[in-house]
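Descriptive analysis of the structure
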Amino acid sequence: MMRIAFARVAAQAGASVGGGCCSTISTAGVAVMARRLFSSASAATPSSTTTNTVPPVVETVPLVYDLHSPENPTVPNKETQPIIFIHGLFGSKKNNRSISKQLARDLGRHIFAIDLRNHGESPHSPRHDYTAMSEDVAAFIRSHGLKDSTLIGHSMGAKAAMTVALTHPDLVQNIISVDNAPVDARLESSFARYIQGLKKIEEAGVSSLSAADKILEPYEKNLVVRQFLLGNLHRPRVDPGGQPSPTLQFRNPLGIIGKSLDHLGDFPFKDPHRVRFSKPALFVRGTKSHYVPDEVVPLIGQFFPLFELVDVESGHWVISENPEAFRQAVLRFLEPKE
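Reading guide: rules and limits
- Residues numbered from 1 in each chain as written.
- Predicted model: local features only at pLDDT ≥ 70, side-chain atom pairs only at ≥ 80, totals over all residues.
- Heavy atoms only, no water.
- 1 Å grid on protein atoms, 1.4 Å probe; cavity = no way out; pocket = protein on both sides within 12 Å on 5 of 7 lines; lining within 4 Å.
- Points joined across faces, edges and corners; volume = space filled by probe spheres on them.
- Helix = DSSP H or I, 4+ residues; strand = E, 2+ residues; numbered from the N terminus.
- Nonpolar A, V, L, I, M, F, W, Y, C, P; charged D, E, K, R; others polar.
- Core = buried A, V, L, I, M, F, W, Y, C linked by side-chain atoms within 4.5 Å.
- Buried < 20%, exposed > 50% of the residue type's maximum accessible area, 1.4 Å probe, protein only.
- Pairing = 2+ DSSP bridges.

The name given to the protein chain in an unreviewed UniProt entry is Alpha/Beta hydrolase protein, and the organism recorded there is Neurospora tetraspora.

Taken as a whole, the largest pocket spans an internal volume of roughly 530 Å³. Lining the largest pocket are 22 residues, with N95, F228, W317, I319 and S320 sitting closest to its centre. Going through the elements one at a time, α1 (97-107), α6 (223-230) and α9 (318-321) are the ones with two or more residues in the lining of the largest pocket. Taken together, the residues that form the lining of the largest pocket break down as nine nonpolar, eleven polar and two charged. Taken as a whole, the second largest pocket spans an internal volume of roughly 240 Å³. Lining the second largest pocket are 18 residues; nearest its centre among them are N180, A185, R186, L187 and Y291. The residue inventory of the lining of the second largest pocket, partitioned by class, reads eleven nonpolar, four polar and three charged.

What follows concerns the nonpolar core. Counting residues in each nonpolar core, the largest one holds 64 residues, and the members touching the most others are F90, I175 and F304. Top element by residues in this core is helix α3 (residues 156-167). It accounts for eight residues.

Here strand β7 (residues 111-114) shows two buried faces, one formed by I111 and A113 and the other by F112 and I114. Here strand β5 (residues 65-68) pairs with β7 via four bridges, running antiparallel. The residue of β7 that forms the bridge with H68 is I111. Looking at chain direction, strand β6 (residues 83-86) and β7 are connected through four bridges and run parallel. Bridging from a neighbouring strand, F85 pairs with A113 of β7.

Structure, rendered in structure tokens:
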């Protein structure tokens, strides 16, 4: 089941988002709730609301990526209207491989699934916050000559995508935020616990996934979550071209990630009257997740006036828990409108 709430906020900078009205229709067995939020100040969105902030000075890192190309493209080349898929904390580009292939097929667009800094195969950096991550993505877009990009981000990747859109709106055509919102929120305590467990694994010098899983089990009882975390283990080569190490190590710099946890619940922008993204935005939230509560929806509308909200029956891991509902939501949002 998927519920779609279409919210359009027509508000000048400085205007507050007030109440609204709702209507419900049924389309192909899907309950669709149309909800329009109104501004108390104006019914017209000014053309100047999509603005660049002053880009921060950040030493960017080159991001490693997988390119998923469609068999029957609807665009002239991979640089035109690409989709950039951004994973969450402890994720990587490989997590989005299946859905990327499906969306490339369905939309006829090229999809770049990237590894953020300190994740997957991308370089490590002592700085790990949304400003740095967003500047990496912006540099990636520029260096590859991408135009009219769509950003899809889950959780940490969602806040990174939102930050790119608000900082560099000229680089982005639209965004899809999966189960996160532009607010400061306390990160779940489980992530700090995961760091402890993962460090124990590295200290033990294990050589098999089964041994690593036994160490991690006291820190996380859910097997699926443990498998997700252990997917970051690899056997580094001692010398270039040499044999892989018998000892498993994490691709993530656990010390850097651990120190950054206190700030990964934050959002770098606090005042939607100073900056907003006046291009289409889709927010997908899990009905069993608490990351995007109803009370933050008006704030989403202030930062992203042309947003749509889709509720998918799932927890926080929307894409893996209900991939078909997520795929359908993305297609409805991105397919050309008549």
